[in-house]
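Structure at a glance
Here's the letter readout for the chains.
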Amino acid sequence: MDKLVVFDLDFTLWDAGGTWCDCTNPPYKRVNNHVVDSYGSQIVLYPEVRSILEDLTSENIIMALASRTSAPSWARQLLDLFEIEDFFAYQEIYPSSKIAHFNQLKKDSGIPFNKMVFFDDEMRNIQEVGSLGVHAVYVRDGINTSIVKKAIASLK
Ligand SMILES: [Mg+2]
């Protein structure tokens, strides 16, 4: 049975300069490994994000995004500038309870909630999504490899 590994964006995959991406000021520009907005604020991926996404891809694990940002088009621009958008087979990016995002992910992927892992930095999202039966993992200080490995192992 396939698994689905789902990530939040703000403060899980990236730090948008100490705030959420909907509080930044586009247009954005890629500078080396990070992105800057028009005010010069830096948006960075957490250090292990790229290797996590590459490792899971090499293990044929399907990945998705679930973000409730109020600026979906800005989030998509950031995914594009960081060149990570193609890692995610499903991308649910819109304001709403994340229950809506996960119902859609289940419908689109055919993967049941108990075969999904979800990473997020906000306890309300962890509680709501966890109530569906998803293995929801609270992330502090951004995603890292050991959190991901441990969570995926716990599904088996
Ligand atoms: Mg977040």
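Residues numbered from 1 in each chain as written. Predicted model: local features only at pLDDT ≥ 70, side-chain atom pairs only at ≥ 80, totals over all residues. Heavy atoms only, no water.

1. Here we look at the coordination of the magnesium ion
Here the magnesium ion is held by Asp8 (OD), Asp10 (O) and Asp121 (OD), and the distances to it run 2.1 to 2.2 Å. Within one chain, the residues donating to the magnesium ion are spaced in sequence as D-x1-D-x110-D. Of this pair, Asp10 sits in the loop between strand S1 (4-7) and strand S2 (14-15) while Asp121 sits in the loop between strand S8 (116-120) and helix H4 (123-130), placing them 111 residues apart in sequence. Overall, the relative accessible area of 7% leaves Asp10 in the buried class. (Donors = N, O, S within 2.8 Å, 3.2 Å for Na, K, Ca; no water. Helix = DSSP H or I, 4+ residues; strand = E, 2+ residues; numbered from the N terminus. Buried < 20%, exposed > 50% of the residue type's maximum accessible area, 1.4 Å probe, protein only.)

2. Overview of the packing of aromatic side chains
Evaluated as defined, the whole model comprises five aromatic pairs. Measuring from centroid to centroid gives 4.9 Å for Phe102 and Phe118, while their planes differ by 70 degrees, and the two rings are edge-to-face. Placement of the pair is Phe102 in helix H3 (residues 98-109) and Phe118 in strand S8, with a sequence separation of 16 residues. Overall, the relative accessible area of 0% leaves Phe102 in the buried class. Members of the aromatic cluster, joined through ring pairs, are Phe7, Phe88 and Phe119. (Phe/Tyr/Trp six-rings, centres within 6.5 Å; stacked < 30°, edge-to-face > 60°.)

3. Looking at helix H2 (residues 72-81)
Looking only at H2, the buried set comprises Ala75, Leu78 and Leu79. Buried residues along H2 cover an arc of 100 degrees about the axis, so they all sit on one side. The inward-facing, buried residues of H2 abut S2, strand S4 (34-36), strand S5 (42-45), strand S6 (62-67) and strand S7 (90-93). Two residues or fewer after H2 comes Glu83, characterised by a positive phi angle close to 60 degrees. (Arc of directions from axis to C-beta. Contact = heavy atoms within 4.5 Å.)

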